[in-house]
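Residues per chain are reported as follows:
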Amino acid sequence: MQSSVGPNELAQLQSTMQAIELACSSIHMHVNPAAAEAAILSLSKSPQPYQACRFILERSQVANARFQAAAAIRDAAIREWAFLTGHDRRSLVSFCLHYVMQRASSPEGYVQSKVSAVAAQLLKRGWLDFTAIEKEAFFAEVNQAILGLHGVDVQFIGLIFLESLVSEFSPSTSSAMGLPREFHEQCRKSLELEYLKTIYSWAQAAAVSVANKIIESESEVPETRVCTAALRLMHQILNWDFRYKKNGAETAKTVDAFSAGLTDNSLLASRTEFSVVQPGPVWRDVLISSGHIGWLLGLYGAMRQKFSSKSCWIDCPVAVASRKLIVQFCSLTGTIFLSDDGKLQEHHLLLLLTGIIPWIDPPDAVSKEIESGKSESELLDGCRALLSIATVTTPIVFDWLLKSISPVGTLSLLSTLTCEVVKILMTSCMDEETWSWVARDILLDTWNALLVLIDNSENSLLPPEGINAAASVFTTIIEYELKAASASAFKEEDGSDYFQASVSAMDERLSSYALIARAAIDITIPILTRLLSERFARLYQGRGINDPTETLEELYSLLLLTGHVLADEGKGETPSIPKAILTHFLDITETEKHPVVVLSGFIIGFAEQSLNPEMRAAVFSPRLMEAIIWFLARWSSTYLMPSAESISNNNRSVHDHDLQLQQSRLCCSFCCDSTQGKLVLDLIIRISMTTLISYPGEKELQVLTCQQLLHALVRQKNVCLHVVTLDSWRQLANAFTNDRALFTLHADNQRSLAQTLVLSASGMKVEESNQYVRDLVGPMTSYLVEISDKGDLKSIASLPDVILSVSCLLERLRGACIAAEPRTQRAIYEMGFSIMNSILVLLEVYKNEFAVVYLLLKFVVDWVDGQINFLEPQETATVVNFCMRLLQLYSSHNIGKVDFSSDSTEAEGTNISQVVYFGLHIVMPLISLEMLKYPKLCRDYFSLISHMLEVYPEMIEQLNSEALSHIFATLDFGLHHQDIDIGDMCLRTLKELACYHHKEAGSGRVGLGSHAAGFRDPDGNFHDGILGQFLRSLLQLLLFEDYSTDLVSAAADALFPLILCEQSLFQRLCNELIEGQANPAFRSRLANALQSLTTSNQLSSTLDRLNYQRFRKNLHNFLIDVRGFLRTV
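From a predicted model like this one, the values you see are computed outputs, not experimental measurements.

Reading guide: rules and limits
Residues numbered from 1 in each chain as written. Predicted model: local features only at pLDDT ≥ 70, side-chain atom pairs only at ≥ 80, totals over all residues. Heavy atoms only, no water. Helix = DSSP H or I, 4+ residues; strand = E, 2+ residues; numbered from the N terminus. Buried < 20%, exposed > 50% of the residue type's maximum accessible area, 1.4 Å probe, protein only. Contact = heavy atoms within 4.5 Å. Areas by Shrake-Rupley, 256 points an atom, 1.4 Å probe, with all protein chains shown as cover. Salt bridge = Lys/Arg side-chain N within 4 Å of Asp/Glu carboxyl O. Expected span 1.5 Å × (residues − 1). Phe/Tyr/Trp six-rings, centres within 6.5 Å; stacked < 30°, edge-to-face > 60°. Lys NZ or Arg CZ within 6 Å of the ring centre and 35° of its normal.

A. Structural detail: the overall build of the protein. Each helix and strand counted, the protein has 51 helices and two strands in total. Every one of the 1129 residues in the protein was classed for burial, and the buried ones make up 54%. Here the analysis covers contacts within the protein between residues at least 6 apart in sequence; of these, 76% occur between residues at least 24 apart. Here the protein displays about 48200 Å² of accessible surface, and carbon together with sulfur accounts for 52% of that area.

If you want it as structure tokens, here you go:
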């Protein structure tokens, strides 16, 4: 990298520059882009291209050529770093830094940004190599620039460089360098502990140094750019994931008592980007004590006052950067604040809130200005600031902040702002997303952050004013939702999809509404009861007279919202009654007067009307029935016939236990084990059967009925005990078995309904449950046998009705298999046993009907999966024989006969490992490398292969050569796959195979036998065994190819036993690598590195945990040392 060049070298450099300039121009003009890209790539890949790149950067008049030259410096330096001298490394970083500083006023900003980024990347690459003095020298130059000693342009460039540097050291935004994760973590830790705070201080000082010039100027000045960059850098640093204490120990993510209610971000809706800032006490002086936040608020306030007459000012970069930093400060929490009962943090948040209030208050005036053309950015940032504050405080503190300086609390302001935004939504076009949609989502997340604590804890309370605030918001929300529902009633265009969404699509929004409703449950439950009863009455009175469409849409929304308020989803577990309900209405002592009972009774009574054919035709549209079925499913999981234990659990760890136990019993008593409970249960079953029979083709309704409502009834044993005693349940089972109308259900619903019916047997005694299942599936199996036994089956099999019948029967039988439990296992086994021959016949007949073949195979998989743990040896042999016949038949249809041999499995005991490899012989030829390009098949295949070879490595010797070759070809394919999980599975497989062979060979046994031994072909050429082949392949991958650094540890675990198994081959490969190095320095360096790989850290030849750890470390160091120059030469 000499700076002086002779005439010949100068000519060569000019030629290279012209070639790159031509290539860049060709790409821009779309002229022969492939050749142009190859020319640019050749510069990056050429060894030590630094002189040519510097020449281009300093002399080329083509900006894109300079950009590509900077990129080439980066690629080459990262690749060759291991053999660059210390002087060369420092020179590259210094050149890039000096280049951008000297050309700070250049108009080609993207070139400057690229060179700054390259400087940052190279500084990081050498971070662990450079001494502290060398680092200080680099930072001293940058600091001089940021101080403004060389002008504002250089000051700006210095900030841009630091922005790139922080980005590089942050794991989430760092560039790939082909180095282990430990390297990146060491760099991150070093910067965080030694430099990050200093960088923040520099940015802070830079902003302060130019602030007055900006405020005093009547127009935009160059200093504005500096201030914007400094603010942006400070915001970036506060986004850092702080992990370390001053002493280098990793911090635990804890918060102080003031923030005991800190909301888990995972509990917030995913609508809003958000992060909590916890830098620790070492940052207190810079962020809190210095008055920095007051200065920032003052800066924005001064600019806001001066430039507010310019409508575009709010969205200018310096304004946006200022607000983003202010919002970020609102989420500051943790040990940075003193342990003073939260006083310091309260003062901090109050200071911020005081500065933010003008952005959002008064809400009606602010929204009017926005509707008149003012930018909404400031209001939206104000909403984000409220969200940040809500997330780091308790509701009491949140409300107190504003109340300490004004007559109303923060909750009242939040309520007024939310109501205003929702009102704007009502008046705006509901088919288009406007600023009010964004604001609504942010504000809902703010309510979530505050109320999720109250909904899940007894220690957080909402002040009285907060209850009224929540009630006001909920009332406005209901008004909006009803108006939206009414407006969408007659819309058929795609624009109304938001309000015609399915139940599941609206769940997130409704969950937020429910939290707000529960915060004022005393007020909102009566509101919901009144609104529902009004609309029920409107439907009854206007039947046959008025068009009910609008009312039906309003009821749809009200039912969904009511379901969310009364009950939680549960997510796989039996949900408890919401705490808001348990802790209110404590003065109610009579069941029939409890507001929740009254509301539930209204809805259940209305749902009962759907059983009347006249009412059903006049009122109960499919869409309304969706809401009813969804409500009944959600409601019944919580309130229908709960167990005594469930009622008790509702009140565990709750204050005023006796009163709340009484509330729990009141809410549930009208549907407990008594006659009333069974009546409601019977009603729900009859409504379910009606929806399945009377609403054909309504897929969403049928999904809700089969997969949610009916399934919810059998999920709890205490309900199952009563379900199976009801005539309505027996009628449903009989209709499912015999009513052809239910054959029109979608396949998923057929399977789900069969599963539900079989699961209900858990409410019976063992013998009764088996007989119940036999009675349920017997007609289905008989029908399937009857079809398969038809003499003309081949001629009628392709008829649509026949295919439909076979498919429906298979889906139903699959559902029964999935529901198998120990008590019903015998009946399910008999079911499968009775149709074994029919399955084989159908597989032969439908060999060209992929959909039917798929169902046949899925049925067998589900049946075997549910039975295999319960079978006696003779039954196991029968099942295994059936599966083998099935595989043979399937294989013959797809690739022709497969030649294999196997011992009989008719013996009392079955060797599972032989069965597994027997199946592999059959299935393996079906999987081609082309098929492995399908992600799901590829993942499933390697999951199977890796499991089989890890669990049964001893059976590999019995595989025939064709199957074996295929397995190892696919393993090699998997090693190079871009999916990290697939690569990891293949490496684990290699590790287990090599370990098995090493241990077996060490004990005098054959291990992998002839497959592991090398051989000579008829021409006398020697070929490595399978372990030797993979040793070559893995070394080639690690040293010369691209892969994720996340695989290095797994690769080390595979490479270590491979080396022990193939020591002579490994030594030969090492010699070849060393001899292939023309450069003596490289040759010596490689030899030393290879020696260290197998000897450092007291590594021995024992395959134990300690040696695996040692070898992982050795391989990490080896790759860092040699991979760069090996890939270059």
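B. Representation of the pattern of salt bridges. Under the defined criterion, the tally for this structure stands at 46 salt bridges. Taking the shortest distance from any N to any O, the salt bridge between Asp1024 and Arg1068 comes out at 3.9 Å. One end of the pair, Asp1024, is in the loop between strand E2 (1022–1023) and helix H47 (1026–1040); the other, Arg1068, is in helix H49 (residues 1063–1075), with 44 residues separating them in the sequence. With a relative accessible area of 13%, Asp1024 lands in the buried category.

C. The side chain of Gln867, seen in detail. Relative to the helices and strands, Gln867 resides in helix H41 (residues 850–867). Contact partners of Gln867, with chain neighbours within four places excluded, come to Ala820, Gln825, Ile828 and Tyr829.

D. Main features of helix H24 (residues 549–566). The terminal C-alpha atoms of H24 lie 26 Å apart, and with 18 residues this matches the ideal 26 Å at 1.5 Å per residue to within 8%. The element H24 is extensively covered by neighbouring structure, given that 16 of its 18 residues are classed as buried.

E. Up close: the packing of aromatic side chains. This structure, assessed with the given rule, holds 27 aromatic pairs. Centre to centre, the rings of Phe139 and Tyr195 are 4.6 Å apart; their planes meet at 20 degrees, and the pair counts as stacked. Pair noted here: Phe139 is in helix H7 (residues 132–146) and Tyr195 is in the loop between helix H9 (181–194) and helix H10 (196–216), with a separation of 56 residues, a long-range link. Relative to Trp283, the ring of Phe242 has its centre 5.4 Å away and its plane inclined at 70 degrees; by these criteria the two rings are edge-to-face. Placement of the pair is Phe242 in the loop between helix H11 (222–238) and helix H12 (284–289) and Trp283 in the loop between H11 and H12, with a sequence separation of 41 residues. Assigned by exposure class, Phe242 and Trp283 land together as buried. Three or more aromatic residues joined by ring pairs make a cluster, and in this case those are Trp127, Phe139, Phe169, Tyr195 and Trp202. Across from the ring centre of Trp127, 4.2 Å away, lies the NZ or CZ of Lys135, which sits over that ring.

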